Amino acid sequence: MKKLIVLATLALSPVFSAQEMVDKPVQSYQTAQYQARKKAFVDNLLSKMTLDEKIGQMNLPTSGDFTTGMAQSSDIGKKVEQGLVGGLFNIKGADKIKAVQKVAVEKSRLKIPMIFGMDVIHGYETTFPIPLGLAASWDMNLVQQSARVAAREAAFDGINWTFSPMVDISREPRWGRVSEGSGEDPYLGSEISKNMVYGYQGKDLANGTNILACVKHFALYGAGESGRDYNTVDMSHVRMFNEYFPPYKAAVDAGVASVMASFNEVDGVPATGNRWLQTEVLRNQWKFKGFVVTDYTGINEMVDHGMGDLQQVSALALKAGVDMDMVGEGFLTTLKKSLSEGKVTQAEIDMAARRILEAKYDLGLFDNPYKHGDAKLAAKEVYNLENRNIARSVAAQSMVLLKNENQVLPLKKSGTVAVIGPLVNNSMNMAGTWSVATKHSASVNLMQGLQANYGKDVKFLSAKGANIDYDAKLEEIYAAHGKKTDRDSRSKEELLKEAVDVANKADVIVLAIGESAEMSGESSSRSEITIPQSQVDLLNELKKTGKPIAMILFTGRPLALTNVKDMPDAILNAWFPGSEAGNAIADVIFGKVNPSGKLPMTFPRSLGQVPIYYNAKNTGRPLDQKLTDKCEYQRFRSNYMDECNTPLYAFGYGLSYTRFNYSDISISNANPKGNQTVQASVTVTNSGNYDGAEVVQLYIRDMVGSITRPVKELKGFQKIFLKKGESKKVTFDITPESLKFYNGDLKYDWESGEFDIMIGTSSDEVKHSKINWTK
């Protein structure tokens, strides 16, 4: 399906060209001769290893934060010397990592090098938009580049393994970890998944600047009941294979080196101990050759699931196909006993150890265990200007313009602008969640970005206006991981008065509101997904001034904005843009970059609509489309008495400073047969006053199937750049591969019949054409 995507280079063009992108799985570069050499090497090494040393390879503790001098004397250091540690994570810095590696390769009996992991989720020290924001770019070039920059920075600093990409499909905005994924759609999620893997791993894992990727969380973690983290998941296999599995499989097909098991249960068995999931699907069906690691204490947590004591659940995990135990030490402390009691086999232990050793071989660590990590190179290559410029470009192209009445944006480069909101001057929150290596204090906040780029021409005034939330205890929870919200001790009346006074002196208001960084992310589920009332009250007061308001929305999830959407003249969803947040926002709101982001996840009108997603199925009593469009109620039809069926902002939605007009669809063959290719084309015209980029989206509906089919499914997209007045013909090649799905027998195939071909600017604004395809 690669030919359905066009890669466009936009304003603030990235450093890497499309031609430099990896477009083949890493495993395709491993020849038969290479595989034979690897097998022989690992066979020989395993023959020399004791049982304890084999189990040691399966042990992945966290380092804590010890100094270089503690590398040997610490408890971890002693276990490394004894060969009881296969890898470490949460250790940062080339010198620290080298010191620990030195213990492994010089002090341990067999001198087996270790792997060093870190949550390099959306950048290393140079931080890109949160993954949900990155997905909003719909630009696979940018996606891959962000992972490439992250890999290089991490590698120069000693890291050779990242616990990314997270590809969990989710239709549940209450779940905080939607910020860490790519949204609700399996096709878009699959394209992002494989390109993140390509970016991290490159064409040659052993070159010293590539790192092991780890796709997570296998599987279905994003479908937890009630949006509560770590919660139960229960769904049919048809739904798993059609809607939730594709991004994981895309990563496997792209050659991902490792897979992380999820916390939730699948078919009543926790994923960490689920053999059907980790062996039958992952290895037997998908032919995954890498190693499986648990999530943090994932084995131990099966005890609370009710699967037995630590020895029982450790044996369950090994027999399921898990190779490495993160933190819990269940393997380290129980497998030897389980082997003696016949509860696990030597072959199972050997296979797990083999897979980890093979990954180290692929990284080239047996040839040079110190190839990752060079303090002098890190000083030059990590968080440098080139990388920050790429992050700035990516951030600007990830923002989604949700509203722009009377062309309030872009702002004029003159006059006085009031910049108001609780995050205006807060650098610590610009990177968003899961930014463990970020230089937070150096992140460019909104006020800094505006002043640095336009301070000579525009007078900027600022005021906080409100705290993140009226509830001080809640705000303490929001300030996790050191990301302070800078709560102001003044009364709400004082804060509002200052904001109104500043607004009255300005020509236009830039209002920055929404979530703080850790209001989304792991363990950040919310039962309400609205903007906190303290900030709504601020918006209400500013609206009374009569001044134009451009609202900058910081968020890690879709929010229900119905109560605020009518008050601002413009709404720019900035997500959490990363290290260069302030500069990127300044680029967009002053028109240096025309926003081109499109939503990767539906924004509901209200929480009661959740889950709401574009590729739903019809019911036997669907609401008439005319009534749906008018938001009118009809009894005995599938609708709400008190709410519309439609979302506030649909999947794929996003405005531009210019306008794009679509022609009707032209179909090359309305009655194709067999494996023919059908070309579906539209002409897109930039009819506005600005140059800009547009994401042209292809959706297909299978009108009649052996099982019920979604009302539409994304099957392709092209991001094109048009100068004002320019037109371009956009063509999608559609083949039977585009029509395939898993049927009731879980056979992946397509069926003859009528198909609705849709092309448009978003999932709810498309042109239609019909074809009838027979086998």
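Calculation criteria
- All residue numbers here refer to positions counted from 1 along the written sequence of the relevant chain.
- For this predicted model, a pLDDT threshold of at least 70 governs which residues receive local features, and a threshold of 80 or more governs which side-chain atom pairs are given and counted, while totals over whole chains, interfaces and linings are taken from all residues.
- As a rule here, side-chain values come from all non-hydrogen atoms in the structure, and water together with hydrogens is ignored.
- Two cysteine sulfur atoms form a disulfide, by the criterion used here, when they sit within 2.5 Å.
- Helix numbering and strand numbering both begin at the N terminus, where a helix is a DSSP run of H or I of at least 4 residues and a strand a DSSP run of E of at least 2.
- Only when DSSP finds a minimum of two bridges between them are two strands counted as paired.
- For helices, the axis comes from a line fit to the C-alpha atoms of the stretch in contact; other axes are also lines fit to C-alpha atoms, and the angle between any two N-to-C directions lies between 0 and 180 degrees.
- Domain boundaries shown here were taken from an automatic or database domain assignment.
- Only heavy atoms matter for contacts: two residues are in contact if any of them lie within 4.5 Å across the pair.
- Note: buried area is the sum, over both parts, of the accessible area (probe 1.4 Å) each one loses when the two are combined.
- By definition, a salt bridge exists where a carboxyl oxygen of Asp or Glu is found within 4 Å of a side-chain nitrogen of Lys or Arg.
- The distinction between a cavity and a pocket rests on a 1 Å grid over the protein atoms alone: a 1.4 Å probe fits inside a cavity but cannot get out, while a pocket stays open yet meets protein on both sides within 12 Å along at least five of seven lines, and a residue with an atom within 4 Å of a point counts as lining.
- Grid points are joined across faces, edges and corners, and a volume is the space filled by probe spheres set on the points.
- Residues are grouped as follows: Ala, Val, Leu, Ile, Met, Phe, Trp, Tyr, Cys and Pro are nonpolar; Asp, Glu, Lys and Arg are charged; every other residue, Gly included, is polar.

## Considerations on the state of the cysteines
Taken as a whole, this structure holds one disulfide when the rule is applied. Linked covalently through their sulfurs, Cys631 and Cys644 form a disulfide whose S-S length is 1.5 Å. Disulfide Cys631-Cys644: the torsion about the S-S bond is -105 degrees, which places it as left-handed. On the criterion of sequence distance, the pair formed by Cys631 in the loop between α22 (625–630) and β17 (660–662) and Cys644 in the loop between α22 and β17 is long-range, its members being 13 residues apart.

## Digging into the sheet that holds strand β9 (residues 291–293)
In spatial order, the strands read β5-β6-β9; together these three strands make up an open sheet with parallel pairing. Pairing within the sheet leaves two strands with one partner each, and these edge strands are β5 (214–218) and β9. Put simply, the sheet's adjacent strands are angled 30 degrees from each other on average, direction ignored. Here strand β6 (residues 258–261) pairs with β9 via three bridges, running parallel. Looking at the pairing, Val259 lines up with Val292 of β9.

## Overview of unusual backbone geometry
Residue Phe218 is joined to Ala219 through a cis peptide bond whose omega torsion reads 10 degrees. Structurally, the position occupied by Ala219 is in the loop between β5 and α8 (237–244). A positive phi angle, close to 65 degrees, is found at Ser226, a residue other than glycine. Position of Ser226 relative to the elements: it lies in the loop between β5 and α8. Look at His481: it is not a glycine, yet its phi comes out positive at around 55 degrees.

## Points about the sheet that holds strand β26 (residues 765–773)
An order of β21-β20-β25-β26 is seen for the four strands of this open sheet, with the pairing classed as antiparallel. Each end of this open sheet is capped by a strand with a single partner; those strands are β21 (713–722) and β26. Between one strand and the next, the sheet's axes are offset by a mean angle of 20 degrees, whatever the strand orientation. Bridging between strand β20 (residues 692–702) and strand β25 (residues 753–762) involves six bridges; their strand directions are antiparallel.

## Details of the domain arrangement of the protein chain
Each assigned domain of the protein chain is listed with its residue range as follows: domain 1 (36–377), domain 2 (391–590) and domain 3 (658–774). Taking only C-alpha atoms, the centre of domain 1 and the centre of domain 3 are 37 Å apart. The partner domain 3 presents 14 residues to the twelve residues of domain 1 that form the contact. Interface area for domain 1 against domain 3, summed over the two sides, is near 1,100 Å², with a carbon-plus-sulfur share of 70%. Put simply, domain 1 and domain 3 have zero salt bridges between them.

## Remarks on the layout of surface pockets
Empty space within the largest pocket amounts to approximately 1,300 Å³. Surrounding the largest pocket, 42 residues form its lining, Gln625, Thr628, Asn645, Thr646 and Pro647 being those nearest its centre. Of all elements in the fold, only α22, β25 and β26 reach the threshold of two or more residues within the lining of the largest pocket. For the lining of the largest pocket, a count of residues per class yields 19 nonpolar, 13 polar and ten charged. In this model, the second largest pocket occupies a volume close to 810 Å³. Contributing to the lining of the second largest pocket are 32 residues, with Pro186, Tyr187, Ser190, Pro246 and Tyr748 lying nearest its centre. Breaking the lining of the second largest pocket down by element, the ones donating at least two residues are α7 (186–201), α8, α9 (246–253), β21 and β23 (741–742). Top element by residues in the lining of the second largest pocket is α7. It accounts for five residues. Of the residues belonging to the lining of the second largest pocket, the class tally is 15 nonpolar, five polar and twelve charged.

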